[in-house]
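Summary of the model geometry
Listed below, chain by chain, are the residues.
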Amino acid sequence: MLFWCCCVSLAVADDIQVNDQNLYSRKGADTCLKCHDEDYKYPIFPIFYNKHGNRNDPRSPMAQLQCESCHGPGRAHATEPKVGFDRAPIISFGRNSPASKDKQNGQCLQCHNDHGRQNWAGSAHERQDMLCVDCHKLHERHDPVLQITQQSEFCYGCHKKQRAEFARTSVHPVRYEKMECTQCHNPHGAVTDAMLKTNTKNDTCYRCHAEKRGPYLWTHAPVAENCGLCHEHHGSIHTPLLKKRVPLLCQECHTSTAHARNPYDGSAVSSQSAFVLAKGCLNCHSQVHGSNHPSGVKLMR
Amino acid sequence: MDCCISHFQHKRRQWFAGCALVCLVSPVAAEQLSEAEMAQVTANWECKWCPYEDTAVSAGEVEAGAGYVSNDSYKQGDYTGLNEEGAYFVGDLEYGYQGGKGAYSDVEAYDLGLDSRRIMANGGKQGQIDAELKYSELPKLNLDTARTPYAVGANQTLPASWVAAANTGGMTELENSLHYADISTQRKTLDLAADYHQTKSLSYGFSFQRATKEGYRTMGLSIGGFAGAAILAVPVDYVTDQGQARISFAKPRWQASFSYEFSNFKNETDSVRWQNAFSTPASAPEGQASLEPDNTMQQFTLTGAYRFGESTQASALLSMGRLEQNDGFLPYSINGTPPALPRSSLDGKVNTFTGNLTVNTRLTENFDFEARYKQNEQDNDTPRASYTYIVADNPAASGAPRSNIPYSFRQRELSVEGRYQLQRPHKFTVGYAYENFDRTYQEVDATKENNFWGTYRNRVSERWDWFLRLEMDDRNGDAYTAIIEPGFPDEDPLLRKYNMADRDRKQAKFAVSYLPQPALQLSFFTDYANDDYSNSEVGLTESEQTNYTLDLQYRISEALSFNIDYTITTMDSSQAGVTWTAGNDDTVNVAHLGVLYQVFRNKLKLGFDYAYADSEGDISVSTGEPYPTLTSTRHTFEIYGDYNLNERSILHVSYRHEEYDEDNWAVDGVTPNTIDNVLTMGEVSPDYNIGVFAVSFRYAF
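Our subject in this report is the structure included herewith. Residue indices follow the written sequence of each chain, beginning from 1 at its first position. All chains are assigned letters beginning with A, and all ligands numbers beginning with 1, in the order in which they are written. It should be noted that, the model being predicted, local features are given only for residues of pLDDT at least 70 and side-chain atom pairs only at 80 or more, the latter also being counted only at that level, while totals for whole chains, interfaces and linings use all residues. The basis for every side-chain value is the complete set of heavy atoms in the structure, and neither hydrogens nor water enter the calculation.

Describing the overall build of chain A
Within chain A one finds 13 helices and two strands. A globule of 301 residues ought to have a C-alpha radius of gyration of about 19 Å, yet chain A, at 28 Å, is considerably larger. For this analysis, residues touch if any pair of their heavy atoms sits within 4.5 Å. For chain A, restricting intrachain contacts to residue pairs at least 6 apart in sequence, the fraction spanning at least 24 positions comes to 48%. Total accessible area computed for chain A in this model is approximately 12,300 Å², and 57% of it derives from carbon and sulfur atoms. Positive charges come from Lys and Arg, negative ones from Asp and Glu, while His and the chain ends are left out of the count. To locate a charge, take atom NZ for lysine, CZ for arginine, CG for aspartate or CD for glutamate. Within chain A, the 29 negative side-chain charges are centred at a point lying 7 Å from the centre of the 35 positive side-chain charges. For helices the rule is a DSSP run of H or I covering at least 4 residues; for strands it is a run of E covering at least 2, with both sets numbered from the N terminus onward. For a compact globule the rule gives 2.2 Å times the number of residues to the power 0.38, and the radius of gyration it is set against comes from C-alpha atoms. Only the protein chains shown count as cover for residues, and all accessible areas are computed by the Shrake-Rupley method using a 1.4 Å probe.

Here we look at the interface of chain B and chain A
Across the boundary between the two partners, chain B contributes 215 residues, which contact 152 residues of chain A. Joining two parts hides part of their accessible area as seen by a 1.4 Å probe, and the buried area is that hidden amount summed over both. Where chain B abuts chain A, roughly 15,500 Å² becomes buried across the two surfaces, and 55% of that area is made up of carbon and sulfur atoms. Salt bridges are identified by distance alone: a Lys or Arg side-chain nitrogen within 4 Å of an Asp or Glu carboxyl oxygen. On the surface where chain B and chain A come into contact, there are 14 salt bridges. The closest approach of N and O atoms between Lys161(A) and Asp527(B), which form a salt bridge, is 3.0 Å. Residues were grouped as follows: Ala, Val, Leu, Ile, Met, Phe, Trp, Tyr, Cys and Pro as nonpolar; Asp, Glu, Lys and Arg as charged; and all remaining residues, including Gly, as polar. Each residue belonging to the side of chain B that touches chain A can be placed in one class, and the counts come to 91 nonpolar, 74 polar and 50 charged.

Some remarks on the state of the cysteines
Cysteine sulfurs are considered disulfide-paired once they come within 2.5 Å of each other. A complete count under the given rule lists one disulfide over all chains for this structure. One disulfide bridge connects Cys47(B) with Cys50(B), the sulfur atoms lying 1.8 Å from each other. Handedness here is read from the sign of the S-S torsion; for Cys47(B) and Cys50(B), about -70°, the answer is left-handed. Under the scheme applied here, a residue whose accessible area is under 20% of the maximum for its type counts as buried, over 50% as exposed, and between as partly exposed, the area being computed with a 1.4 Å probe on protein chains only. Residue classification places Cys47(B) among the buried positions, given a relative accessible area of 3%. With no disulfide of its own, Cys67(A) has Cys32(A) as its nearest cysteine by sulfur position, at a separation of 3.8 Å. For Cys67(A), a relative accessible area of 18% corresponds to the buried category. For Cys158(A), which is in no disulfide, the shortest distance to another cysteine sulfur is to Cys135(A) and amounts to 7.6 Å. A residue is classified by how much of its surface remains accessible, and Cys158(A), at 54% relative accessible area, is exposed.

What to know about the nonpolar core
Grouped burial of nonpolar side chains is what soluble globular proteins tend to show. Among the nonpolar cores identified, the biggest contains 44 residues, and Val276(A), Ile183(B), Tyr387(B), Tyr627(B), Trp665(B), Ile675(B) and Met681(B) are the most heavily contacted of them. Listing elements by their share of this core, those giving two or more residues are helix H13 (267–270) of chain A together with strand E11 (228–250), strand E19 (386–390) and strand E30 (604–621) of chain B. Those residues within four positions of Trp665(B) in sequence are excluded, and the remaining contacts are Arg245(A), Val246(A), Val269(A), Val276(A), Leu277(A), Ile619(B), Tyr627(B), Pro628(B), Leu630(B) and Val670(B). Among the nonpolar cores identified, the runner-up in size contains 21 residues, and Tyr150(B), Leu158(B), Leu178(B) and Leu221(B) belong to it. Among the buried residues, those of types Ala, Val, Leu, Ile, Met, Phe, Trp, Tyr and Cys that are joined through side-chain atoms within 4.5 Å form a nonpolar core.

Some words on the pairing of strand E15 (residues 295–308) of chain B
Residue and element names in this part refer to chain B. One bridge is not enough; two strands pair if DSSP finds at least two bridges between them. Bridge count between strand E12 (residues 254–267) and E15: twelve bridges; the pairing is antiparallel. Looking at the pairing, Ala256 lines up with Gly304 of E15. Pairing analysis gives 13 bridges linking E15 to strand E16 (residues 312–325), with the strands arranged antiparallel. Of the residues in E16, the one forming a bridge with Tyr306 is Ala314. What sits between E15 and E16 in their antiparallel hairpin is a turn of three residues, with Gly309 showing a positive phi close to 60°.

Some remarks on the sheet that holds strand E14 (residues 286–290) of chain B
Residues and elements named next belong to chain B. If you trace the three strands from one edge of the open sheet to the other, you get E7-E13-E14, paired in mixed fashion. Here the strands that pair on one side only, and so sit at the sheet edges, are strand E7 (155–156) and E14. Bridge analysis of strand E13 (residues 271–275) against E14 gives five bridges, and the strand direction is antiparallel. The partner of Ser271 across the bridge, within E14, is Ser290.

Some points on the side chain of Thr169(A)
With respect to the element layout, Thr169(A) can be found in the loop between helix H9 (160–165) and strand E1 (170–171). Overall, the relative accessible area of 12% leaves Thr169(A) in the buried class. Among residues more than four places away in sequence, those in contact with Thr169(A) are Ser236(A), Ile237(A), Lys75(B), Ser632(B), Tyr660(B) and Glu662(B).

Concerning the pattern of salt bridges
This model, assessed by the stated rule, comprises 54 salt bridges over all chains. Between Glu126(A) and Lys101(A) there is a salt bridge; the shortest N-O distance is 3.3 Å. A residue pair is termed long-range when its members are at least 10 positions apart, and Glu126(A) in helix H6 (residues 124–127) and Lys101(A) in helix H5 (residues 101–109) qualify at 25 residues. Judged by relative accessible area, which is 10%, Glu126(A) ranks as buried. Residue Lys101(A) is classed as buried on the basis of its relative accessible area, which comes to 17%. Glu417(B) serves as the salt-bridge partner of Arg127(A), at 3.1 Å between the closest nitrogen and oxygen. In this pair, Arg127(A) sits in helix H6 while Glu417(B) sits in strand E21 (residues 409–421), so the two residues belong to two different chains. Overall, the relative accessible area of 23% leaves Arg127(A) in the partly exposed class.

A short note on the environment of Thr674(B)
Residue and element names in this part refer to chain B. By the secondary structure assignment, Thr674 is in the loop between strand E32 (649–663) and strand E33 (678–679). Separated by 287 residues in the primary sequence, Thr674 and Tyr387 have C-alpha atoms spaced 36 Å apart. The definition of a polar contact used here is a pair of N or O atoms within 3.5 Å, where within protein one atom must be able to donate a hydrogen and the other to accept one, and adjacent residues in sequence count solely through side-chain atom pairs. Within the structure, the side chain of Thr674 is placed 2.7 Å from the backbone nitrogen of Thr671, a separation counted as a polar contact.

A word on the environment of Tyr180(B)
Residues and elements named next belong to chain B. Here Tyr180 shows up in strand E8 (residues 179–180). Looking at Tyr180, the relative accessible area reads 58%, which means it is exposed. The spatial distance from the C-alpha of Tyr180 to the C-alpha of Ser257 is 52 Å, given a sequence separation of 77 residues. The contact partners of Tyr180, leaving out residues within four places of it in the chain, are Asp144, Thr145, Ala146 and Arg147.

Quick word on unusual backbone geometry
All names here are of chain A. Note that the residue after Gly214, namely Pro215, is joined by a cis bond; omega there is 5°. Assignment of secondary structure puts Pro215 in the loop between helix H10 (201–206) and helix H11 (221–225). Omega for the bond connecting Thr239 with Pro240 falls within 30 degrees of zero, at -5°, which places this linkage in the cis form. One can find Pro240 in the loop between strand E2 (235–236) and helix H12 (248–251). A positive phi angle is found at Glu177, which is not glycine, with a value near 60°. With respect to the helices and strands, Glu177 occurs in the loop between E1 and H10.

Examining empty space enclosed by the protein
Site definitions follow a grid-based scheme: protein atoms alone, a 1 Å grid, a 1.4 Å probe that fits but cannot get out for cavities, and for pockets an open set with protein on both sides within 12 Å along at least five of seven lines, plus lining residues having an atom within 4 Å of a point. Grid points are joined across faces, edges and corners, and a volume is the space filled by probe spheres set on the points. Enumeration over the complete set of coordinates arrives at eight cavities of 30 Å³ or more. The volume enclosed by the second largest cavity comes to roughly 200 Å³. Along its surface, the second largest cavity is lined by 20 residues, and Arg213(A), Pro215(A), Thr219(A), Ala224(A) and Gln378(B) are the ones closest to its centre. Within the residue set of the lining of the second largest cavity, elements represented by two or more residues are H11 of chain A together with strand E18 (367–380) of chain B. Of all the elements, H11(A) adds the most residues to the lining of the second largest cavity, at four residues. When its residues are assigned to classes, the lining of the second largest cavity shows ten nonpolar, seven polar and three charged.

Describing the packing of aromatic side chains
All names here are of chain B. Only rings of Phe, Tyr and Trp enter the pairing, Trp through its six-membered ring, and a pair is recorded when the two centres are within 6.5 Å. The plane angle decides the type: under 30 degrees is stacked, over 60 is edge-to-face, the rest tilted. Enumeration according to the criterion identifies 23 aromatic pairs over all chains in this entry. Relative to Tyr387, the ring of Phe329 has its centre 5.9 Å away and its plane inclined at 90°; by these criteria the two rings are edge-to-face. Here the residue Phe329 occupies a position in the loop between E16 and strand E17 (348–364), and Tyr387 occupies one in strand E19, the gap between them amounting to 58 residues. For the cation-ring pair, Lys140 lies above Tyr79, with the distance from its terminal atom to the ring centre recorded as 4.9 Å. The rule is short: NZ of Lys or CZ of Arg within 6 Å of the ring centre and within 35 degrees of the ring normal puts a charge over the ring. Residue placement shows Arg439 over the ring face of Phe437; its charged tip is 3.9 Å from the ring centre.

The following block contains the structure:
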């Protein structure tokens with residue numbers, strides 16, 4: 001069975017066939033750098049200034065099989081092909097690579113199998129056949145997707161709806177490059193909704209808005225359940241990231257025989273109604289996230 | 001995984017089909033040699049052409065210059081710090097050092113001349129210990145047009161000359177007493193973190209963060225119920241400490257992590273007290289409100305994943321925590337002699353639990369299957385007591401006593417999903433999820449939700465790729481029983497709160513991508529979601545959202561690239577009151593245009609970006625005229641250039657121009673005394689036209 005397995009190439013039709021000998025190069029990176037030098041069209045040298053290229057870390061690829069840790073055995077690739085034949089392939093990365101998604105990502109997951117990526121298998125991005133290199137650039141000194149100034153542009157490549165949400169007037173500061181998508185989400189997969197880094201959506205919000213966590217004496221029931229019942233988490237045209245304006249937002253759930261029951265149409269603007277202008281319902285009921293005042297049952301204290 | 005390294009594959013092609021299955025299902029591929037094998041392979045590898053070995057190297061880039069903001073605007077400075085007219089310092093720094101034996105350090109600093117600055121430093125010995133220090137500031141600038149007659153702070157008084165009246169029109173000293181209040185906050189965050197890798201598979205992590213948020217926010221507060229309210233500038237003085245300690249194991253087949261997490265929130269100002277600007281009620285000359293109480297969170301979390309064979313993986317998360325809050329209570333009323341409290345503080349306690357288990361397996365080469373169970377619950381263990389209700393600090397008005405309600409809930413979801421690849425271009429996914437949501441003390445004991453979805457993806461060719469997702473969701477609840485509390489008005493019996501109401505949800509997404517040539521990509525994305533609350537006669541009855549996006553990216557040449565996108569989003573909803581109906585129709589248009597041109601290779605780079613966003617919000621109510629339309633429009637143009645003076649130096653010049661205008665009926669034309677019974681701050685909607693010019697010099701070393 002082992003022998004049978006050992007016969008395996010990486011795939012049948014679409015996958016790369018590892019070179020005939022599957023032997024490693026004779027001189028490691030020195031073999032590769034003969035051709036892939038500083039004038040090569042895809043700059044590779046910055047890798048020596050990032051963590052992958054640091055040979056002092058026994059976990060780094062450069063401390064192990066050097067370039068071939070990721071690109072696979074390269075002796076045949078380094079051998080000048082016979083006239084009329086192509087150079088033997090090596091594991092390359094990217095959408096145009098003959099190596100399969102599993103092969104490419106598997107190279108990364110050999111080492112990056114820690115708790116932050118343990119849910120990659122079956123995650124939304126894995127199901128969409130995403131490659132690690134769709135987002136990450138391993139040879140650059142600073143991987144652009146890890147930079148707060150550039151990350152969102154990578155995400156917007158697919159998440160176009162979210163790009164538009166962050167362009168609205170009331171937003172979390174992603175478009176100002178003060179917040180990253182990965183501040184809330186784990187793109188490598190999570191067992192939580194929307195691949196959130198915390199257990200629940202509210203836990204995510206409380207990391208920056210801990211004052212709303214409570215528990216309060218007078219709890220506004222939907223608050224503890226889901227901030228998203230009233231707020232749009234990426235952005236809204238209604239400040240502060242609300243789903244709609246008050247009083248109609250409040251009137252979706254409050255219809256008691258007091259003033260919450262009454263209709264307030266556009267004439268309430270011209271008649272200068274306290275139920276509509278300024279903060280509307282929140283002119284008095286300002287403690288919408290809960291109150292800890294003994295007389296705060298109506299969220300006015 | 002040595003199976004992927006074949007010495008014999010050229011002789012065994014007939015076995016490929018069967019063998020390939022084994023490797024295809026393997027999420028981890030390729031060569032993992034033993035240490036002895038690796039030592040043998042690399043015995044003669046010198047890496048002599050590698051740029052460095054054990055010698056120290058360092059490199060960095062420093063940028064310094066000046067910028068100029070043409071006008072004042074809080075909205076423009078929100079999050080950016082570019083709110084004041086005048087010059088500012090442009091200062092950025094990046095520095096990296098790699099010493100021998102794995103020592104390293106990096107320092108990055110951005111926007112040093114602005115209130116939105118951030119500084120990061122990390123260092124350590126790679127593979128053994130990493131330490132990180134981060135500091136950042138974030139301005140949230142809300143209003144600079146707000147005016148108040150109060151001396152702002154935790155105890156707000158009116159001028160001695162103040163003339164109280166029954167309504168704002170009678171407050172004759174109002175205009176003379178108004179002064180601007182700065183409604184903004186500044187968040188400062190300090191992060192410390194360290195990771196220690198004891199072995200390749202065992203590591204420890206520690207992190208600590210202190211975040212402070214200081215400034216003022218607005219808050220509407222009334223005295224005596226509906227007699228009169230004032231919008232006050234209320235102090236924000238928060239300190240939040242949070243941290244985590246973690247131990248992690250990572251082996252090829254399994255990973256596990258155990259962590260302890262805490263968060264302590266402290267509000268340095270626990271209440272606000274203010275003088276009544278109104279003459280009524282006579283028994284309530286002052287008001288006092290509580291601000292957010294101190295609270296704590298602690299949580300233990302265990303996560304793990306295990307790979308069974310090469311095609312099946314299970315992962316799990318188990319988390320238990322506790323939220324606590326025990327800030328001392330304020331009296332029932334600041335006026336008169338309030339009755340005794342049933343207890344001096346809440347002793348609020350909520351136990352939290354989250355459990356997730358996911359199993360996914362590749363049953364055949366073409367078929368994946370996943371099953372997932374999720375549970376999230378909050379068990380509110382806060383003691384109940386009966387509290388007297390004194391209406392907004394008016395000792396002459398009290399309502400029936402009321403007991404606090406410790407709401408608890410439990411959310412459980414079981415889902416299964418199958419993914420089938422028919423032939424290479426065709427990929428199907430179908431899934432089903434069942435959710436049960438239990439709540440206590442609420443109108444519906446439990447809701448049950450059935451969710452079905454399916455996706456189809458077709459990579460027609462290297463040029464065409466399209467994707468479709470359809471989803472249906474049906475939520476039904478137990479009997480809706482209105483909560484009746486003695487002494488308080490009841491909600492309408494026909495009301496169905498939308499988070500518990502019966503709901504039919506339909507969603508669809510479609511995306512198509514076309515590459516007519518490698519340098520040109522066109523894509524179209526649309527999605528649609530409709531929530532129908534058909535059994536809700538009062539409350540939210542329907543909501544619908546559509547989104548259309550067009551994208552074009554074109555790399556015209558090595559030197560010139562171009563991108564443009566446009567998105568239109570509509571968000572409509574209908575709701576019903578007892579005697580009326582209303583509709584909300586929001587529309588948002590967003591567009592971006594970008595051009596990047598390398599005029600001379602490695603010599604001059606020019607760029608142009610344009611962003612456009614406009615929104616309209618229309619509200620209609622069946623009983624009368626529609627609301628004025630809410631609008632916002634933003635145009636942002638930016639042109640920039642980088643000129644390489646030499647190999648190490650770049651001259652950067654940029655000009656950014658932004659126009660913004662907003663119409664908001666809630667505040668436009670509303671002066672502090674416009675509303676009879678609410679003393680407002682009279683702010684105006686932002687409307688600005690601002691240029692920001694910057695020139696800076698970058699030097700790489």
